[in-house]
Amino acid sequence: MQTGLTGNPDNSSTIPEYGPAYGVENSTFQILWSEDVDDGNLSVDDFEGANVSSDGEFAARLAKSTDVSFEQPPDAVATWNDGDFEGFSPGGDDESVHPDGASLEDDEYIKDAYVEIYAVQPSTILHEDNGTTQYVAPDGDVLAISDYRVLLPEDDTSGSEQDEWSLTETSIDSIELKADGQTLSTSDGHQATLSYEDLSGSVELTVEAEITATIKHVSLDCPDWVVVDRVCEGIWSEEVDHLERSKTVTASRDVVVSQLSESSGTRVKFEADDDRTGAVINANSTWSTIDVDGDVQARSNWWFYTAGKSGWHTMVSSTATESTQSVSSLRPLQVNAYPDRETPDVPAQSIDGENSLIIEEAWGAKQSGPSLPENIDIDPAETYVDADSIALSSATLEADAFDEVTVQGIVQGQSQTVSLDEPQTVRETDLTLSVLESNSTRATVLAEVTENTTDDPVSTGQVVVGDRSTSVNASGIAVLEVGSSSSLVRGQYVPQEWWQTDRPYASAEDRTKLPPNFPEFRALVQLGLVTLLWFLPLAAAVFGFDYLSGGTFLGLTDRQ
């Protein structure tokens, strides 16, 4: 693509007029430029079949109405950048062609010199509340462009001492890629694709271009100069100098290498349920999806959009006398990631009507959502969990589905297949409750937790009885004091969640009855005496009254 250097730049033309190109399909190309100005007045009719002639037209209208997110970093970004990068046309010796955002430097003869990083790929800019971070793969490329112009002194041909200047040769002798000062790759020319391998950690990537100009300076001197006629009547003496001047320009980018090599995990099986399986996956990095079995996957809350890089909308042609602007023919694309939801989820997928994969829990730091650039029509989550670990289970997948899982990173093309170890077993347990003592208001309950198959004590977790709970001790024992308002005591063993421990257990329940609260013998004797003392006077009074009435009151006596 030739760089146009005439005409007026149109910064509102966000989508390059010369696209789609380089093998990027039209329907994909239209939705890659998220920084465009969106039209919220489009209606449903604008998207119906009669008004949309092709998939590309539909995508163009969609891109015009909103910005589009991707589940994965799209491959089309690298495809576009590789092709677009080849379209750079530098200026001549007296003209520097540069993006509007370039940092220009001048020297004695070399002017408007620069080198710019067109793209680092694959890479993703992660948006967080505290700013942005550019993540790159351990292996990748840096695409760089450089240009300059040479300004020579004007020739002096008016006196006995004259100077003539000419440019013999110019070149960009080298473009080097350095990581924290160490050279990784070298090329030359106005464009360079610089490769790197095995990067790790936080790195400053620097592109350094050395520009060289060889200048011929001819000094003329006339010893027989006629001032009046301004002519040399003798022989000119000539001295020729070849001046070599160099200018080094740099451009840097701070990046963080996305590493998935530390990903690990453990799969589990359930002693009481052969149809159920699961795993804990520790990605130990920001991830996009975890693929379990074919199309079955868990999605993180990080989603992606693509946009053109700032500073590249306008191309400038600088000469000694003027600068001319035009709509840029170089439009690098950049992948961006943002949190779309509070927590990871599983896309809609089922086997026989049942969800094939369940997220039991995803854990990590809880963060406030970022603010995206004003011209991006996407709403990030207000708060989100930056989950670096996740627990998954399934009652429909085959037992070997979790033998291997694939962690997809947030950088395009980056993934890591993780082989999960011999499974841990979620062991069945037994809970046995017994009442040590009780009264009318309280009861002391002994709880014992053992493994179902071995009767070995279970030393982790808690026992809950009524509104009371306590941890079991090393012998699997817990003692609780509970209310005795009901004759039935129900209890439950609550283990640590299976994804939070190296020795997982299943829950268990038990119930027992409180013994009857019969009074003691002494209390019964006392009750009998009290009752007798209460009722003896009354009985005597009634009998006496009946006697006095001649037995006519109750018929208890007979007086004849």
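Residues numbered from 1 in each chain as written. Predicted model: local features only at pLDDT ≥ 70, side-chain atom pairs only at ≥ 80, totals over all residues. Heavy atoms only, no water.

S.K.: Go over the state of the cysteines, please, and point to the residues and values.
M.R.: Tallied over the entire structure, the rule returns one disulfide. Note on cysteine connectivity: Cys222 is disulfide-linked to Cys232, with sulfurs 1.9 Å apart. Here the S-S torsion is close to 90 degrees, and the disulfide linking Cys222 with Cys232 is therefore right-handed. Here Cys232 lies in strand E9 (residues 231-232) and Cys222 lies in the loop between strand E7 (202-221) and strand E8 (225-226), a separation of 10 residues in the sequence. (Disulfide = S-S within 2.5 Å. Helix = DSSP H or I, 4+ residues; strand = E, 2+ residues; numbered from the N terminus.)

S.K.: Requested: an account of the sheet that holds strand E28 (residues 462-465), with residues and values cited.
M.R.: Strand pairs in the sheet, formed through backbone hydrogen bonds, run parallel or antiparallel to each other. On the basis of which strands lie adjacent, the open sheet formed by four strands has the order E29-E28-E31-E32 and antiparallel pairing. Each having just a single partner strand, strand E29 (468-471) and strand E32 (508-513) make up the two edges of the open sheet. Averaged over neighbouring strand pairs, the angle between their axes works out to 20 degrees when direction is ignored. Relative to E32, strand E31 (residues 488-494) is paired through six bridges, and the arrangement is antiparallel. For Val489, the partnering residue across the bridge sits in E32 and is Thr512. (Pairing = 2+ DSSP bridges. Axes fitted to C-alpha atoms, helices over the stretch in contact; angles between N-to-C directions.)

S.K.: Provide a residue-level description of the sheet that holds strand E26 (residues 429-438), including the pertinent values.
M.R.: The antiparallel open sheet is built from three strands, whose spatial order is E26-E27-E30. At either margin of the open sheet sits one strand with a lone partner, and together these are E26 and strand E30 (477-483). Across this sheet, the average inter-strand angle for adjacent strands is 25 degrees, counted without regard to direction.

S.K.: Which residues make up a negative patch on the surface, and what are the values?
M.R.: On the surface, Glu154, Asp155, Asp156, Glu164 and Glu238 cluster together to form a negatively charged patch. Residue placement: Asp155 occurs in the loop between strand E3 (131-150) and strand E4 (161-179). (Patch = residues over 30% accessible without salt bridge, like charges linked within 9 Å, V, L, I, M, F, W, Y side chains within 5 Å. Areas by Shrake-Rupley, 256 points an atom, 1.4 Å probe, with all protein chains shown as cover. Salt bridge = Lys/Arg side-chain N within 4 Å of Asp/Glu carboxyl O. Lys, Arg positive; Asp, Glu negative; His and termini not counted. Charge placed at Lys NZ, Arg CZ, Asp CG, Glu CD.)

S.K.: Describe the nonpolar core, with residues and values.
M.R.: The biggest cluster of nonpolar side chains holds 32 residues, and the ones touching the most others in it are Val142, Leu205 and Val207. Here Val207 is in contact with Val115, Ile117, Val142, Ala144, Ile175, Glu176, Leu177, Leu194, Val249, Thr250 and Ala251, once residues within four sequence places are set aside. Ala21, Val68, Val77 and Trp302 belong to the second-largest nonpolar core, a separate cluster that totals 25 residues. (Core = buried A, V, L, I, M, F, W, Y, C linked by side-chain atoms within 4.5 Å. Buried < 20%, exposed > 50% of the residue type's maximum accessible area, 1.4 Å probe, protein only. Contact = heavy atoms within 4.5 Å.)

S.K.: Account for helix H3 (residues 76-85), with residues named and values stated.
M.R.: Most of H3 sits inside the fold, with seven of its 10 residues counted as buried. Restricting attention to buried positions, one finds in H3 the residues Ala76, Val77, Trp80, Asn81, Gly83, Asp84 and Phe85. In this structure, the buried side of H3 is in contact with helix H1 (26-29), strand E2 (110-128), E3, strand E6 (191-196), strand E15 (302-308) and strand E18 (333-339).

S.K.: Residue-level account of the pairing of strand E5 (residues 182-187), with values.
M.R.: In terms of strand pairing, E4 meets E5 through five bridges, oriented antiparallel. The residue of E5 that forms the bridge with Ala179 is Gln182. Between the end of E4 and the start of E5, which pair antiparallel, lie two residues, with Asp180 showing a positive phi angle near 50 degrees.

S.K.: With reference to specific residues and values, describe the packing of aromatic side chains.
M.R.: Going through the model one piece at a time under the given rule, you end up with 13 aromatic pairs. Ring centres of Phe85 and Tyr118 lie 5.4 Å apart, and the angle between their planes is 50 degrees; this geometry places the pair in the tilted category. Remark: Tyr118 occurs in strand E2 and Phe85 occurs in helix H3; sequence separation between them is 33 residues. For the pair formed by Phe85 and Tyr118, the shared burial category is buried. Ring geometry for Trp302 versus Tyr384: centroids 5.3 Å apart, planes at 75 degrees, classification edge-to-face. Of the two residues, Trp302 sits in strand E15 while Tyr384 sits in strand E22 (residues 383-394), which places them 82 residues apart along the sequence. You can call Trp302 buried: its relative accessible area is 2%. Overall, Tyr384 belongs to the buried group, its relative accessible area being 0%. (Phe/Tyr/Trp six-rings, centres within 6.5 Å; stacked < 30°, edge-to-face > 60°.)

S.K.: I'd like a description of the side chain of Gln121, backed by residues and values.
M.R.: Considering the arrangement of structural elements, one finds Gln121 in strand E2. Here the side chain of Gln121 touches Asn81 through a polar contact of 3.1 Å, side chain to side chain. Beyond its immediate stretch of four places on either side in the chain, Gln121 contacts Ala78, Asn81, Asp82, Gly140, Asp141 and Leu143. (Polar contact = N/O pair within 3.5 Å; in protein donor to acceptor, adjacent residues only side chain to side chain.)

S.K.: Explain the environment of Val426 to me, using residue names and the numbers behind them.
M.R.: Tracing the sequence through the fold places Val426 in strand E25 (residues 421-426). The spatial distance from the C-alpha of Val426 to the C-alpha of Arg503 is 7.5 Å, given a sequence separation of 77 residues. What Val426 contacts, discounting residues up to four positions off in sequence, is Val268, Lys269, Phe270, Glu271, Trp498, Pro504, Tyr505 and Ala506.

S.K.: How would you summarise unusual backbone geometry if you had to cite specific residues and measurements?
M.R.: A negative phi holds for most residues other than glycine; trans holds for most peptide bonds. With an omega of 0 degrees, the peptide bond between Gly19 and Pro20 qualifies as cis. Note on placement: Pro20 falls in the segment before H1. Of note, the bond from Gln121 into Pro122 is cis; its omega dihedral lies within 30 degrees of zero at 0 degrees. Within the element layout of this structure, Pro122 appears in strand E2.

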